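# Tertiary structure, described
One-letter residues, chain by chain:
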Amino acid sequence: MSSQSAGNAVPDTQIGLSNEEIQLLRGAQQVVAANGSTSSRAASRASSQGLLMLDSSSLTALGRHFDRVMQHIQQQLESLMEQSHIVTLHVYDRAGNLIDNADAEIARYHDIMRQIDELELDFDRIAHIRDIVRDFRRRAEELERELERSSGSSSRRHGHGHRSHGHSSRHRA
């Protein structure tokens, strides 16, 4: 490297960059050099020696390169942010659908529970009525048996035979 280009260069480790940023700077200088101008080749040699060329054409080329990289990064960010927004909307839609479905299922569950309560109440009422009917049937059968006994004993006393009416009291409800 000539003494003039060395005078127009500064060590890249002394311009306030982190190690990662220095690596990015050196990579960018190599990309700019690959695009071909004379100053770019000088910048590439300086980069390989850990120097940043301070001439205006090298810095302009490097600045344009960083502008393109930043524009590309910005486009990627915008695309990712749009995708993130779409995913968020889908999640909200699905969550909304889940909530709507859950609300519908809860309403269905409450309706089922109401029907169960009604059926249990009907069951208890019917069981109570059935027990009363059984009790009346038992009493009616007892009365019929007593009547048969009493009519059977009075017909024997009076000489009347016992007549069957063709049906049994057991079949009555």
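By the naming in an unreviewed UniProt entry, the protein is Biogenesis of lysosome-related organelles complex 1 subunit CNL1, taken from Lasiosphaeria hispida. Heading Subcellular location (unreviewed entry) of the UniProt record for the protein holds this comment: "Cytoplasm". Note on the protein: under the UniProt heading Sequence similarities (unreviewed entry), the record states "Belongs to the BLOC1S4 family."

A word on helix H2 (residues 19-34). End to end, H2 covers 23 Å across 16 residues, agreeing with the expected 22 Å (1.5 Å per residue, within 8%). Looking only at H2, the buried set comprises Ile 22, Leu 25, Ala 28, Gln 29, Val 32 and Ala 33. Seen along its axis, H2 keeps its buried residues to an arc of 135 degrees; they face one direction. Residues of H2 that are exposed and point more than 90 degrees away from the buried face comprise Asn 19, Glu 20, Gln 23, Leu 24 and Ala 34.

Residue placement: His 65 occurs in helix H4 (residues 56-158). Aside from chain neighbours lying at most four places away, what touches His 65 is Ala 28, Val 31 and Val 32.

So, on to the packing of aromatic side chains. In total, this model carries 0 aromatic pairs according to the counting rule given. Above the face of the Phe 136 ring, Arg 139 is positioned so that its terminal group lies 5.4 Å from the ring centre.

This part covers the pattern of salt bridges. Using the criterion set out here, one finds 10 salt bridges in the structure. In this structure, Asp 12 and Arg 26 form a salt bridge, with 2.6 Å as the shortest nitrogen-oxygen distance. You can see Asp 12 sitting in the loop between strand E1 (9-11) and H2 and its partner Arg 26 sitting in helix H2, a full 14 residues away along the chain. Note on Asp 12: relative accessible area 0%, which makes it buried.

Rules of the game
Here the residue numbers are simple positions, counted from 1 along each chain's written sequence. This being a predicted model, a pLDDT of at least 70 is required before a residue's local features are given, and a value of 80 or more before pairs of side-chain atoms are given or counted; all residues contribute to the totals for chains, interfaces and linings. As a rule here, side-chain values cover all heavy atoms of the structure and leave hydrogens and water aside. UniProt positions are given in the numbering used here, feature names are shortened, and annotations may be inferred rather than shown by experiment. The secondary structure listing takes helices from DSSP runs of H or I that are at least 4 residues long and strands from runs of E that are at least 2 residues long, numbered from the N terminus. By definition here, a helix of n residues has an expected span of 1.5 Å times n minus one. Accessibility here uses a 1.4 Å probe with only protein chains present; expressed as a share of the type maximum, an area under 20% marks a residue as buried, one over 50% as exposed, and anything in between as partly exposed. Regarding the arc, it is the one traced by the directions from the helix axis to the C-beta atoms. The contact rule is simple, with two residues in contact once any of their heavy atoms fall within 4.5 Å. Only rings of Phe, Tyr and Trp enter the pairing, Trp through its six-membered ring, and a pair is recorded when the two centres are within 6.5 Å. The plane angle decides the type: under 30 degrees is stacked, over 60 is edge-to-face, the rest tilted. Here, a charge over a ring means that NZ of Lys or CZ of Arg falls within 6 Å of the ring centre while also lying within 35 degrees of the ring normal. Between Lys or Arg on one side and Asp or Glu on the other, a salt bridge is scored when a side-chain nitrogen of the former is within 4 Å of a carboxyl oxygen of the latter.

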